[in-house]
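# Architecture at a glance
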Amino acid sequence: MSGRFVRSSKYRHVFGRPTRKEQCYDNLRISRNAWDTNLVKVNPKYLSVNWEAGGGGAFAVIPLEERGKLPERMPLFRGHTAVVLDTDWNPFNDDLIASGSDDGRVLLWRVPEGFTLSPDVDPDEIQDVAPVGKLSGHPKKIGHVLFNPAAENILATASGDYTVKIWDIEAGAPKLTLNLGDIVQSQSWSANGSLLVTTSRDKKLRIWDVRQERPAHETQGHSGAKNSRSVWLGERDRIATTGFSKMSDRQLALWDIRAPREPINGFKTLDSISGVCMPFWDEGTQMLYLAGRGDGNIRYFELENDKFEYLAEYKSADPQRGIAFMPKRGVNTHENEVIRAFKTVNDSYIEPVSFIVPRRAETFQDDIYPPTIGLKPAMGPDEWFAGKEAIPPKISMANLYEGEGLKEVTGVQEKPTSSLDTPAPAAPKAEEPAPVKKEAEPTPEPTPVARPNASMKDQGASMAAMVNKFADQEEEAEPEEPSAFDEAPKPAARTPEAASPTIKASPGHQKEEETKAQPTSSKASPAQTPRAATPTVAAPAPATSTPSPSISTSAANAADAVQREIGAIKELIAEQTKTIASQAQQMQSLTAEIESLKAKLG
């Protein structure tokens with residue numbers, strides 16, 4: 001084990017806990033349409049599921065508390081004339097949902113008050129829910145719908161007409177249009193709602209300055225023929241993508257939005273499984289979850305120093321076709337649950353999977369539950385279209401733990417975290433140290449210098465010992481006020497001879513002590529060298545008299561010399577600390593390069 005370094009992380013032992021079958025959402029008819037979406041979406045109150053329905057499209061809304069086997073006849077959300085391809089919950093209103101369909105329309109729905117799947121009426125009299133709004137503007141199917149995470153009532157819809165339209169759902173009209181030229185495979189907003197990242201069938205990764213209706217950056221993404229997914233990493237200026245290589249190996253990549261010519265540290269090969277990886281980012285823990293479409297596994301990583309550090313993998317024999325992740329305000333803080341996933345199984349039921357930090361503490365764990373986004377938007381639609389950038393106010397997870405409801409702990413943050421105004425560096429590697437210092441606050445600082453710690457400690461101890469020597473010297477000199485240190489310049493050869501005895505010389509016996517010390521000066525010199533190592537000006541004058549003015553001047557000079565010695569040592573320690581930190585950064589970058597080379601060779 002010597003020489004093996006274990007990275008420190010409070011999420012190293014996070015584990016996934018499945019749910020018993022009787023506590024799952026059973027007896028569902030999940031859509032078997034082959035369109036590549038997540039099939040399910042969730043908020044702290046409801047779960048929406050794309051439904052396999054005849055006579056037009058529909059989806060189901062399931063209250064989270066209604067677990068177990070659901071009734072054969074239940075109220076559905078009907079209104080589309082073709083299959084529903086995607087849904088999305090309004091982040092600031094848990095009762096409002098949008099749906100996109102193969103019929104080219106976007107419908108808006110409001111969950112009725114007191115909604116239940118088992119109403120107290122005859123099954124034949126159960127009424128389906130009707131839409132409250134309709135958005136028409138795409139001539140072809142709408143495959144993806146996504147609400148803006150910062151602005152109220154702003155919706156992005158991706159269509160088979162190769163465009164993404166930005167809607168003001170209050171006005172009921174599209175305000176902006178992004179032309180991609182190919183089928184959109186995924187889209188994700190930045191935290192402040194100003195930028196949008198898309199992946200498409202032409203294998204291009206585009207970062208859109210939405211209100212300018214143009215891509216701010218466009219680059220080559222994953223080279224494989226299968227679908228690619230993208231996710232914005234919260235309030236960071238980073239994007240993660242999953243896709244395939246030309247050899248159909250699954251890949252993971254991390255991108256800097258200011259210089260996305262190529263991914264940071266290249267494309268990382270995951271495995272050779274054929275299913276698309278569905279990514280989800282958890283801002284509170286700085287963790288990325290990858291759920292395989294068609295396999296039952298969910299692996300998760302922690303982002304640290306612009307590198308995804310593998311943590312563990314939740315394995316299941318039940319494959320998932322779709323998955324949704326609960327917003328942070330809906331997790332169970334009493335069980336140290338950091339995230340909860342809802343995966344489809346066999347197109348017949350949905351299984352919740354809780355990811356838990358194993359701790360025995362019976363109090364609120366504030367280190368794993370930082371403030372999170374609540375239900376208040378940062379701006380209205382008019383402000384957003386006018387160009388405002390902001391992050392919504394955050395709520396305290398501690399208040400949720402105590403059952404006190406949503407309480408804001410911050411206001412609207414005027415923080416354009418994803419601004420493209422910052423000039424891009426010449427190369428992706430050149431900017432890696434900057435984000436680490438600026439944004440990686442949740443990660444522990446000692447990690448990068450874990451290897452040099454031992455040598456630093458030894459050097460620190462030796463420096464402290466030297467400081468103590470000078471401190472002892474000063475303490476010994478204080479009771480006996482006279483000191484032979486003088487500012488008069490003397491030859492260097494005489495410095496060690498007089499350095500030791502004059503420190504303890506008294507006014508009446510100073511000359512006698514000097515006389516006794518001279519025969520043994522050759523033996524005392526090696527031992528006295530550290531004490532008199534600094535200035536030669538500390539040597540005594542040959543003609544030392546004992547009047548009081550001279551004694552006081554000598555004492556003052558001695559104190560100044562000691563202070564200079566201590567200051568010099570402190571500066572030396574500071575310089576060595578900077579050197580060690582610089583070496584640690586170099587080691588870190590070298591390690592990253594080695595990992596990149598291994599990935600390319602492997």
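For clarity, every value in this text was computed on a predicted model and none was experimentally measured. (Residues numbered from 1 in each chain as written. Predicted model: local features only at pLDDT ≥ 70, side-chain atom pairs only at ≥ 80, totals over all residues. Heavy atoms only, no water.)

## Some details on the overall build of the protein
For clarity, the threshold we go by: A run of DSSP states H or I qualifies as a helix once it reaches four residues; a run of E qualifies as a strand once it reaches two. Both are numbered from the N-terminal end. Relative accessibility thresholds used throughout: buried, under 20% of the residue-type maximum; exposed, over 50%; partly exposed, between the two (1.4 Å probe, protein chains only). We call two residues contacting when some pair of their heavy atoms lies within 4.5 Å. In these tables, accessible area is a Shrake-Rupley quantity obtained with a 1.4 Å probe, and a residue counts as shielded only by the protein chains included in the view.
Scanning the protein from N- to C-terminus turns up eight helices and 32 strands. Evaluated residue by residue, the protein yields a buried proportion of 50% over its 602 residues. At a minimum sequence separation of 6, the contacts of the protein that also span at least 24 residues come to 58%. Only carbon and sulfur atoms are counted for the fraction: they give 51% of the accessible area of the protein, which is about 27,700 Å².

## Details of the sheet that holds strand β26 (residues 298-303)
Counted only if it meets this: Paired strands, in this sense, are two strands between which DSSP finds at least two bridges. Every axis corresponds to a line fitted to the C-alpha atoms, with the helix fit spanning only the stretch in contact, and the corresponding angles, defined between N-to-C directions, vary from 0 to 180 degrees.
On the basis of which strands lie adjacent, the open sheet formed by four strands has the order β24-β25-β26-β27 and antiparallel pairing. Edge positions in the open sheet fall to β24 (277-282) and β27 (308-314), since each of these has one partner strand only. Going from strand to strand, the sheet's axes swing by 25° on average, the running direction of each strand aside. One ladder, built from six bridges, connects β26 with β27; its direction is antiparallel. Residue pairing in the sheet places Arg299 in a bridge with Glu313 of β27.

## Notes on empty space enclosed by the protein
This is how it is decided: In this analysis, the protein atoms alone were mapped onto a 1 Å grid. Cavities are point sets where a 1.4 Å probe fits without being able to get out; pockets are open sets with protein on both sides within 12 Å along at least five of seven lines; lining residues have an atom within 4 Å of a point. Grid points are joined across faces, edges and corners, and a volume is the space filled by probe spheres set on the points. Only Asp, Glu, Lys and Arg are considered charged, only Ala, Val, Leu, Ile, Met, Phe, Trp, Tyr, Cys and Pro nonpolar, and every remaining residue, Gly among them, polar.
For the structure shown, the criterion picks out four cavities of 30 Å³ or more. Taken as a whole, the largest cavity holds about 120 Å³ of empty space. For the largest cavity, the lining is made up of 14 residues, of which Gln185, Ser200, Lys203, His222 and Ser228 are closest to its centre. Broken down by secondary-structure element, the contributors of at least two residues to the lining of the largest cavity are β17 (195-200) and β18 (204-209). Of the residues that constitute the lining of the largest cavity, the class distribution is two nonpolar, eight polar and four charged.

## What to know about the nonpolar core
Operational definition: Put simply, a nonpolar core is a bunch of buried Ala, Val, Leu, Ile, Met, Phe, Trp, Tyr and Cys residues held in one set by side-chain atoms that sit within 4.5 Å of each other.
Judged by nonpolar contacts, the single largest core of 33 residues is most densely connected at Leu47 and Ile350. Elements supplying a minimum of two residues to this core: β3 (40-42), β4 (46-50), β5 (57-63), β8 (84-89) and β10 (105-110). Here the element with the most residues in this core is β5; it accounts for five residues. Among all residues touching Ile350, those that are not within four sequence positions of it are Cys24, Tyr25, Leu28, Ile30, Val40, Leu47, Val49, Phe342, Lys343 and Thr344. Judged by nonpolar contacts, the second largest core, of 25 residues, contains Val14, Tyr314, Val338 and Tyr369.

## Some details on the environment of Arg214
Its place among the elements puts Arg214 in strand β19 (residues 214-220). Relative accessible area serves as the criterion here: at 41%, Arg214 is assigned to the partly exposed category. Measuring from C-alpha to C-alpha, the distance between Arg214 and Asn179 comes to 8.1 Å, with 35 residues separating the pair along the chain. Arg214 has contacts with Trp208 and Asp209, leaving out every residue within four places of it along the chain.

## Here's the deal with the pattern of salt bridges
Convention followed: A pair is scored as a salt bridge if a Lys or Arg side-chain nitrogen falls within 4 Å of a carboxyl oxygen belonging to Asp or Glu.
The tally for this structure, following the rule as stated, stands at 34 salt bridges. Measuring nitrogen to oxygen at the nearest pair gives 3.5 Å for the salt bridge that ties Asp88 to Lys41. You can see Asp88 sitting in strand β8 and its partner Lys41 sitting in strand β3, a full 47 residues away along the chain. The partner of Asp256 in a salt bridge is Arg258, with the nearest N and O atoms 3.5 Å apart. Looking at Arg258, the relative accessible area reads 11%, which means it is buried. Several salt bridges converge on common partners, so that one network encompasses Asp237, Arg238, Asp256, Arg258 and Asp306.

## Looking at the UniProt feature "repeat: WD" (unreviewed entry) in the protein
This is how it is decided: UniProt positions are given in the numbering used here, feature names are shortened, and annotations may be inferred rather than shown by experiment.
Mapped onto this numbering, the UniProt entry annotates "repeat: WD" (unreviewed entry) at residues 77-119, 135-177 and 184-218. Between the end C-alpha atoms of residues 184-218 there is a gap of 14 Å, over a span that is 0% helix and 66% strand.

## A look at the side chain of Asp86
Quick note on the threshold: In protein, a polar contact requires one atom able to donate a hydrogen and another able to accept it; more generally it is a pair of N or O atoms within 3.5 Å, and residues adjacent in sequence count only if both atoms are side-chain atoms.
Considering the arrangement of structural elements, one finds Asp86 in strand β8. Within polar-contact distance, the side chain of Asp86 engages the backbone nitrogen of Val145 at 3.1 Å. Leaving out residues up to four positions away in the same chain, Asp86 has contacts with Thr37, Lys41, Asn50, Ala98, Ser99, Gly100, Gly143, His144 and Val145.

## A short note on the packing of aromatic side chains
Counted only if it meets this: A pair of aromatic rings is counted whenever rings of Phe, Tyr or Trp (Trp by its six-membered ring) have centres within 6.5 Å, and the orientation is called stacked for planes under 30 degrees apart, edge-to-face for over 60 and tilted otherwise. Over a ring means this: the NZ of a Lys or the CZ of an Arg is within 6 Å of the ring centre and within 35 degrees of the ring normal.
Inspection of every chain in the model, using the stated rule, returns 19 aromatic pairs. The interplanar angle of 40° and the centroid separation of 5.6 Å between the aromatic rings of Tyr289 and Phe325 together place this pair among those described as tilted. A residue pair is termed long-range when its members are at least 10 positions apart, and Tyr289 in strand β25 (residues 287-292) and Phe325 in strand β28 (residues 323-325) qualify at 36 residues. The class of Phe325 is buried, set by a relative accessible area of 10%. Between Tyr314 and Phe355, the ring centres sit 6.1 Å apart and the planes meet at 75°, which makes this aromatic pair edge-to-face. Separated by 41 residues along the polypeptide, Tyr314 in strand β27 and Phe355 in strand β30 (residues 349-356) bring together distant segments of the chain. With relative accessibility at 7%, the residue Tyr314 sits in the buried group. Residue classification places Phe355 among the buried positions, given a relative accessible area of 0%. One aromatic cluster in this structure is built from Phe280, Tyr289, Tyr300, Tyr314, Phe325 and Phe355. The ring of Phe385 has Lys175 lying over it, and the distance from NZ or CZ to the ring centre is 5.0 Å. In this structure, Arg211 packs its charged tip against the face of Trp384, placed 4.9 Å from the ring centre.

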